[in-house]
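Each chain is listed here by its residues.
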Amino acid sequence: MSDEVILCYSEETELAADLVRIARQAAPTAGARVHAALLPGAPPGGAEQLGRAGAHAVHTVAGAAHPDPHVVAEQLRAVVASLNPTLIFLASTKRGREVAGRLAGSLDLPAATGVTGVRIETDGVRVDREALSGNAVATERIVRRPAIVAILPGTSAPNPVPAGAVEARSLAAPEVAPLTERTEVRPKPGGQLEIEKAERIVTIGRGLKKKEDLGLIEALARSLGAEVGCTRPLAAEAGWLTDDHWIGLTGHRVHPKLYVAVGVSGAVQHLVGMRSAQLVVAINTDANAPIFAQADYRIVGDLYAVVPALTKALGAG
Amino acid sequence: MVEKRRIGVAVKHGIDVTLTRADRASGLVQLAGAPRRTSDFDKNAVEEAVRIREKHGGTVTAISVGGPAAREALRESVAIGADEAVLVTADGWADWDTRAVARLLAAATRTLGGFDLFLVGEGSTDHFSSLVGPRLAAELGAADIAGARRLTVEPEGVVAEKDLEKEVEVVRARYPVVVSVGQEINTPRLPTFLANLKASKKEPKVLGLAELGLAASDLAPSIVVDRVAVPDIPRKQLTLSGASPAEVAERLRDALRSEGVLP
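Nothing here was measured: the structure is a model prediction, and the numbers come from that model.

(A) Seen up close, the overall build of chain B. Each helix and strand in chain B was counted, giving seven helices and 13 strands. Its C-alpha atoms put chain B at 70 × 40 × 40 Å along the principal axes. Residues counted as buried form 55% of the 263 residues belonging to chain B. A separation threshold of at least 6 residues defines the contact pool for chain B, and within that pool the share at least 24 residues apart is 71%.

(B) Summary view of a nonpolar patch on the surface. Judged by side-chain polarity, Phe193, Leu194 and Leu197 of chain B come together as a nonpolar surface patch covering roughly 360 Å² of accessible area. Phe193 of chain B gets classed as exposed once you look at its relative accessible area, which sits at 67%.

(C) Representation of the interface of chain B and chain A. Taken together, the 78 residues of chain B in the interface contact 80 residues of chain A. Carbon and sulfur atoms make up 54% of the area that chain B and chain A hide from each other, which totals about 6900 Å². Considering only the side of chain B, the residues that lose the most area to chain A are Glu165, Ile223 and Arg235 of chain B, jointly responsible for 10% of the buried surface there. In this assembly, chain B and chain A are joined by 13 salt bridges. Linking Arg182 of chain A and Glu169 of chain B is a salt bridge whose minimum nitrogen-to-oxygen distance equals 2.7 Å. In this assembly, chain B and chain A are joined by 51 residue pairs in polar contact (both at pLDDT 80 or more). Per-element accounting of the side of chain B that touches chain A gives the leading share, 11 residues, to helix 7 (residues 245–259) of chain B. For the side of chain B that touches chain A, the residue count by class is 41 nonpolar, 11 polar and 26 charged.

(D) Up close: the pattern of salt bridges. Considering all chains together, one arrives at 49 salt bridges over all chains under this definition. Here Glu184 of chain A ties to Arg186 of chain A by a salt bridge, and the two come within 2.9 Å at their closest N and O atoms. Salt bridges sharing partners connect three or more residues here, namely Arg119, Glu121, Asp123, Arg126 and Asp128 of chain A together with Asp226 of chain B.

(E) The packing of aromatic side chains, seen in detail. Residues and elements named next belong to chain B. Tallied over the full model, the rule gives two aromatic pairs over all chains. Ring centres of Phe41 and Phe128 lie 6.0 Å apart, and the angle between their planes is 80°; on these two criteria the pair is classed as edge-to-face. Here Phe41 is found in helix 1 (residues 40–56), whereas its partner Phe128 is found in the loop between strand 6 (117–121) and helix 4 (132–140), with 87 residues between them in sequence. You'll find Phe41 and Phe128 in the same group, each marked buried. Seen in terms of ring centroids, Phe115 and Phe118 are 5.6 Å apart; in terms of plane orientation they differ by 80°. Their pairing is edge-to-face.

(F) View of unusual backbone geometry. Here the amide bond leading from Arg145 of chain A into Pro146 of chain A is cis, since omega sits at 5°, within 30 degrees of zero. Tracing the chain through its elements places Pro146 of chain A in the loop between strand 7 (136–142) and strand 8 (147–151). Geometrically, the link from Tyr175 of chain B to Pro176 of chain B is a cis peptide bond, its omega value of -5° lying close to zero. Mapped onto the fold, Pro176 of chain B is located in the loop between strand 9 (167–174) and strand 10 (177–181). For Leu132 of chain A, which is not glycine, the phi dihedral falls at a positive 50°. Within the element layout of this structure, Leu132 of chain A appears in the loop between strand 6 (124–131) and strand 7. For Leu132 of chain A, a relative accessible area of 4% translates into the label buried. One non-glycine residue, Phe128 of chain B, adopts positive backbone phi at about 45°. Owing to a relative accessible area of 12%, Phe128 of chain B belongs among the buried residues under this scheme.

(G) Structural context of the side chain of Thr155 of chain A. Residue and element names in this part refer to chain A. Checked against the element boundaries, Thr155 lands in the loop between strand 8 and strand 9 (167–172). From its side chain, Thr155 meets the backbone oxygen of Leu152 in a polar contact 2.7 Å long. Beyond its immediate sequence surroundings of up to four residues, Thr155 is in contact with Ile22, Val115 and Thr116.

(H) Region of interest: the sheet that holds strand 10 of chain B. Spatially, the 10 strands line up as an open sheet ordered 10(A)-9(B)-8(B)-7(B)-10(B)-6(B)-1(B)-4(B)-5(B)-11(B), and their pairing is mixed. In the strand order of this sheet, the two ends are held by strand 10 (180–187) of chain A together with strand 11 (205–207) of chain B, each with one partner. Mean inter-strand twist for the sheet, computed between neighbouring axes without regard to direction, equals 35°. Where strand 7 (residues 143–153) of chain B lies against strand 10 of chain B, four bridges are found, and the strand directions are parallel. Each residue of the ladder has a partner; that of Ala148 of chain B, found in strand 10 of chain B, is Val181 of chain B.

(I) Layout of the sheet that holds strand 12 (residues 227–230) of chain A. Spatial strand order, 12(A)-11(A)-13(A)-14(A)-15(A)-13(B): six strands in an open sheet with parallel pairing. The open sheet has two edge strands, strand 12 of chain A together with strand 13 (238–239) of chain B, and neither has a second partner. Note that strand 15 (residues 297–300) of chain A and strand 13 of chain B share two bridges and pair parallel. What sits directly across from Tyr297 of chain A, in strand 13 of chain B, is Leu238 of chain B. This element, helix 5 (residues 214–224) of chain A, spans strand 11 (200–204), strand 12 and strand 13 (258–262) of chain A of the sheet and lies at about 165° to strand 11 of chain A. Strands in contact with helix 8 (residues 303–315) of chain A are strand 11, strand 13, strand 14 (279–284) and strand 15 of chain A; relative to strand 14 of chain A, the strand with the most contacts, it is inclined by about 135°.

(J) Structural context of the environment of Gly248 of chain A. All names here are of chain A. Here Gly248 is to be found in the loop between helix 6 (232–237) and strand 13. For the pair Gly248 and His66, spaced 182 residues apart in sequence, the C-alpha separation works out to 30 Å. Those residues in contact with Gly248, other than ones at most four positions away along the chain, are Arg253, Gln269, His270, Val272 and Gly273.

(K) Local environment of the nonpolar core. Core analysis: the biggest nonpolar cluster contains 37 residues, and Val202, Ile204, Leu224 and Val262 of chain A have the highest contact counts within it. Examining the composition of this core, we find that seven residues originate from one element, helix 8 of chain A, more than from any other. In this view, Leu224 of chain A contacts Arg200, Val202, Leu258, Val260 and Leu314 of chain A together with Leu256, Leu262 and Pro263 of chain B; residues no more than four positions away in its chain are not counted. Membership of the second largest hydrophobic core comes to 36 residues, among which are Val60, Ala70, Leu119 and Tyr175 of chain B.

Cut-offs applied
Numbers given to residues run from 1 along each chain, matching the order in which its sequence is written. For this description, chains carry letters from A and ligands carry numbers from 1, given in the order in which they are written. Since the coordinates come from a predicted model, pLDDT governs what is reported: local features require at least 70, and pairs of side-chain atoms require 80 or more to be given and counted, while whole-chain, interface and lining totals use all residues. As a rule here, side-chain values cover all heavy atoms of the structure and leave hydrogens and water aside. Each helix corresponds to a stretch of at least 4 residues labelled H or I by DSSP, and each strand to a stretch of at least 2 residues labelled E; elements are numbered beginning at the N terminus. Throughout, exposure labels follow a simple rule: accessible area from a 1.4 Å probe, protein chains only, divided by the maximum for the residue type, with under 20% read as buried, over 50% as exposed, and the rest as partly exposed. Here, two residues are considered to be in contact whenever any of their heavy atoms come within 4.5 Å of each other. Patch criteria: residues need more than 30% relative accessible area and no salt bridge. Like-charged residues are merged within 9 Å; nonpolar side chains of Val, Leu, Ile, Met, Phe, Trp and Tyr are merged within 5 Å. Only the protein chains shown count as cover for residues, and all accessible areas are computed by the Shrake-Rupley method using a 1.4 Å probe. Here, a salt bridge means any Lys or Arg side-chain nitrogen found within 4 Å of an Asp or Glu carboxyl oxygen. Buried area: the accessible surface (1.4 Å probe) lost by two parts on joining, summed over both. What qualifies as a polar contact is a pair of N or O atoms within 3.5 Å, subject to a donor-acceptor requirement within protein and to the restriction that residues adjacent in sequence count only when both atoms come from side chains. Amino acid classes used here: Ala, Val, Leu, Ile, Met, Phe, Trp, Tyr, Cys and Pro are nonpolar; Asp, Glu, Lys and Arg are charged; the rest, including Gly, are polar. Here a pair means two rings of Phe, Tyr or Trp (six-membered ring of Trp) with centres within 6.5 Å. Their orientation is stacked below 30 degrees between planes, edge-to-face above 60, and tilted elsewhere. Only strands that DSSP links by at least two bridges are regarded as paired with each other. Axis geometry follows a simple rule: fit a line to the C-alpha atoms, using only the stretch in contact for helices, then measure angles between N-to-C directions, giving values from 0 to 180 degrees. The criterion is simple. A nonpolar core is a set of buried Ala, Val, Leu, Ile, Met, Phe, Trp, Tyr and Cys residues joined through side-chain atoms within 4.5 Å.

See below:
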């Protein structure tokens, strides 16, 4: 098999740098080449950052930036046309998956999203991805290349491997008429919390009877030096907490040292968000709640009694 | 201006993730013959399409790509309020990947005379690739908006609130447009007994590869599933109890301290 040429792109340079590091590990042979693309609108300093992550070459596309996924896919397609990569690594973010789909559709390429591991093997590229709402991991074989692999943020990226001199290439963005127009961008309410980075999390579920009782949970979180997380109903339905607290399939995926699930039943869509926590504590009145199967320490009891007692015990040192 | 809005909706009859069971020793999940049901977010897509029709007129066509049992997803869509049901099926359907499904939906769209608005779920409950919507849009040369939490239709196109990780974008597109919707956009209605009865009498139109102008080789898998397994994350599963909440709390505090997870 000839050597891999992997093209990495994310609009977030930090994620693109992770993709570069994952690509260097996936294709370690001397002849393999890892390239990265910077599209119009990329913040300055990207080429250096991608070089430090281990990119052999950085392609800078010059032109007008536009958020339309069709425009982004076409700009990326111009890089693909000039490079002929064997693999295209994208970030499996909401926007990343949309660009992956458009690029895959227009070039008729295989594409996999939600990828947590990628291996280049003799009979094809194998990817591990979340399946069955995060209940399971599917191992899938991509039978032809080029192919698009969209990797979940937070997937472990090895230490950078210096590539020596980083080749700089530039090309002009193709003239593409956007198919969508963005008329407004507003930050999500809250939105400042980066719960993915939290070392300790106290997550509250539907066991909480009313919004005013959140104070109990916040007090416990303070005594643990933890952030407050929540399940889908509390964010998306009740609106008691903003979306940046929401842990689960369509919320955030977290990997803290300590995860305390309070009044959380453990629906499969929630479990996928917390599965990689190191140590899990569950407090629930229902001894049969599915969360208990995922817990290291289980307390069957009423959160309204247990949580204040725990806050007090921790505060008492 | 679109006179009579034509709305297409894709509905997947996917694996019921709440009923899959893993082999205890290997952790492997048996997918062949696993129970199936309509994918969650696809019901939101059907509901949204029906609401648009109720408000603005037009027709709603539900399309399911899959095996014979996918008729159930179509029946459910008609019970929610879809006007027409189309089953796209052929031998080998179980091996169709997202590429094949998008190609089939694009071919069905052309065969059926095109849609102004095509709605899909943001991701399927079993696979959640989120690829079918944008792939379909690329195949059709249409605009696409992924992850809509709110959708407004206008004479010439749509305005959507698009949900991203850290922000919400308001995005406008002219017809034809493919929009993927999340669970937050609406609560699908529970069909009445009568609606269910009526829907069970409606036979879907069946489209095979010949009608779609496709050959089996056009749908050859580009990705094959090797295995699906439930990851084995060992948990201690220790139950802490005590005479009072205070006693249980102290036991937990001591355990957390010895685990070294406290600040």
